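Topology and contacts: notes
The residues making up each chain are set out below.
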Amino acid sequence: MKLIGTSLKLTKKQRRILVIFLTLSLILGFILSKKIDDPTLIESITNISSSLGNNHINFILLHILVLAILIASSLMVIGIFLFPLYFLFELTCISYSIFTFISIFHLSGLIYGILYNIFIKLLYLILLYIIFKNILMIIKSLRQNGEDPSILKKYYQKVILSILFIFIYDLFLYFIGSNILLKLSFIIT
């Protein structure tokens, strides 16, 4: 818990950026929910109980790929730009799904959509932020101090622990996530 607590302290500038990202993602998610009329998505959300009953929530390969790309690109400094863009993408997807739940199930869709996305995405995004913040600190330390292992060790540990927690949570979602969300689906039925 110390890993999450100390890594989530935001400066005033970071809070401002977070508010801008949240606002922009809400606007983009709303626009996309009005512009994209995907019958397959609407049908899968309408029948979410049967989808959850028949399928596992599986982000394992996706998260491996995303983490590999983001961390590898950070070594070339491109990741410093890709991480924020990916956060914006994820936040837009969350707001898009919440607005889609609202359009199908109204107020109960809002409640379920928020719970669904908190359960599926919140821990992942927090841990991804911790990875990003520590990679920035590694890059900054390498520029200022050279390769001093004692300074870098704690940042590497936080990155590795965050990646490990992401995979543990992905396994939890795979084996138990569908059942938990299925039990919560009484909200929209």
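Further up the page is the structure itself.
1. Topic: the overall build of the protein chain
Counting secondary structure elements, the protein chain contains eight helices and zero strands. Element order for the protein chain, N to C, with α for helix and β for strand: α-α-α-α-α-α-α-α. The principal-axis extents of the C-alpha atoms in the protein chain amount to approximately 60 × 35 × 25 Å. Within the protein chain, buried positions represent 37% of all 189 residues. Long-range contacts, defined as pairs at least 24 residues apart, comprise 82% of the intrachain contacts of the protein chain with a sequence gap of at least 6. With the model as given, the accessible surface of the protein chain reaches about 11,400 Å², and the carbon-plus-sulfur share is 73%. In the protein chain, which carries 16 positive and 7 negative side-chain charges, the distance between the mean positions of the two groups comes to 17 Å.

2. Considerations on the pattern of salt bridges
Under the counting rule described, the total for this entry stands at one salt bridge. One salt bridge connects Glu 90 with Lys 121, and the closest N-O pair in it is separated by 2.8 Å. You can see Glu 90 sitting in helix H6 (residues 79-105) and its partner Lys 121 sitting in helix H7 (residues 107-145), a full 31 residues away along the chain. Across the pair, exposure class does not vary: Glu 90 and Lys 121 are buried alike.

3. Observations regarding the nonpolar core
Membership of the largest hydrophobic core comes to 26 residues, with the highest contact counts inside it found for Phe 83, Phe 87, Tyr 124, Leu 128 and Ile 131. Elements that contribute at least two residues to this core include exactly helix H5 (60-75), H6, H7 and helix H8 (149-184). Considering each element in turn, this core owes the most residues, twelve residues, to H7. Counting residues in hydrophobic clusters, the runner-up holds 15 residues, among them Phe 119, Tyr 169, Leu 173 and Leu 181.

4. Here we look at H6
A rise of 1.5 Å per residue sets the reference length of H6, with its 27 residues, at 39 Å; its end C-alpha atoms lie 38 Å apart and thus fit the reference within 8%. One or two residues past the end of H6 sits His 106, with phi positive at roughly 60°.

5. A closer look at the packing of H5 against H6
Contact geometry of H5 with H6 gives a least axis separation of 7 Å together with a crossing angle of 145°. Contacts between H5 and H6 involve Val 66, Leu 70, Ser 73 and Ser 74 from the first element and Gly 79, Leu 82, Phe 83 and Tyr 86 from the second. Here the residues of the contact of H5 with H6 are counted per class, giving five nonpolar, three polar and no charged.

6. Overview of the packing of aromatic side chains
All told, the structure shown has twelve aromatic pairs when counted by the stated rule. With a centroid separation of 6.4 Å and 65° between ring planes, the pair formed by Phe 87 and Phe 132 is classed as edge-to-face. Highlighted residues: Phe 87 in helix H6 and Phe 132 in helix H7, separated in sequence by 45 residues. Overall, Phe 87 belongs to the buried group, its relative accessible area being 12%.

7. Quick look at a nonpolar patch on the surface
Residues Leu 65, Ile 69, Leu 75, Met 76, Ile 78, Leu 82 and Leu 85 make up a contiguous nonpolar surface patch of about 730 Å² in total accessible area. Secondary structure elements with two or more residues in the nonpolar patch: H5 and H6. For the nonpolar patch, the element with the highest residue contribution is H5, accounting for three residues. Mapped onto the fold, Leu 82 is located in helix H6. The exposure class of Leu 82 is partly exposed, given its relative accessible area of 30%.

8. Considering the side chain of Asp 170
Here Asp 170 shows up in helix H8. Of the side chains with opposite charge, Lys 121 lies nearest to the buried Asp 170, which makes no salt bridge, at 8.9 Å. Ignoring anything within four residues of it in the chain, the contact list for Asp 170 reads Phe 59, Ile 60 and His 63.

Rules of the game
Residue positions are given per chain, counting from 1 as you read along its sequence in written order. Only residues with pLDDT of at least 70 get local features here, since the model is predicted, and only at 80 or more are side-chain atom pairs given and counted; chain-wide, interface and lining totals rely on the full set of residues. Side-chain descriptors were evaluated using all non-hydrogen atoms of the structure, hydrogens and water having been removed beforehand. Helix and strand assignments come from DSSP, with helices taken as H or I runs of at least 4 residues and strands as E runs of at least 2, each series counted from the N terminus. Residue exposure (1.4 Å probe, protein chains only): buried if accessible area is under 20% of the type maximum, exposed if over 50%, otherwise partly exposed. Should any heavy atoms of two residues lie within 4.5 Å, those residues are considered in contact. Calculation of accessible area relied on Shrake-Rupley with a 1.4 Å probe; when residues are assessed, cover is drawn exclusively from the protein chains displayed. In this tally, Asp and Glu contribute negative charge and Lys and Arg positive charge; neither His nor the terminal groups of the chain are included. The atoms used to mark charge sites are NZ of Lys, CZ of Arg, CG of Asp and CD of Glu. For salt bridges, the criterion is a side-chain nitrogen of Lys or Arg within 4 Å of an Asp or Glu carboxyl oxygen. Within this scheme, the nonpolar core is defined by two criteria: the residues are buried Ala, Val, Leu, Ile, Met, Phe, Trp, Tyr or Cys, and they are joined through side-chain atoms within 4.5 Å. Between the first and last residue of a helix there are one fewer steps than residues, each counted as 1.5 Å, and that sum is the expected span. Note on geometry: axes are C-alpha line fits, over the in-contact stretch for helices, and angles between N-to-C directions span 0 to 180 degrees. Asp, Glu, Lys and Arg are counted as charged, while Ala, Val, Leu, Ile, Met, Phe, Trp, Tyr, Cys and Pro are counted as nonpolar; the rest, among them Gly, fall into the polar class. Only Phe, Tyr and Trp rings are paired, with Trp represented by its six-membered ring, and only when their centres lie within 6.5 Å; those with planes under 30 degrees apart are stacked, over 60 edge-to-face, the remainder tilted. Like charges are joined within 9 Å and nonpolar side chains (Val, Leu, Ile, Met, Phe, Trp, Tyr) within 5 Å, but only among residues with over 30% relative accessible area and no salt bridge; these make up the patches.

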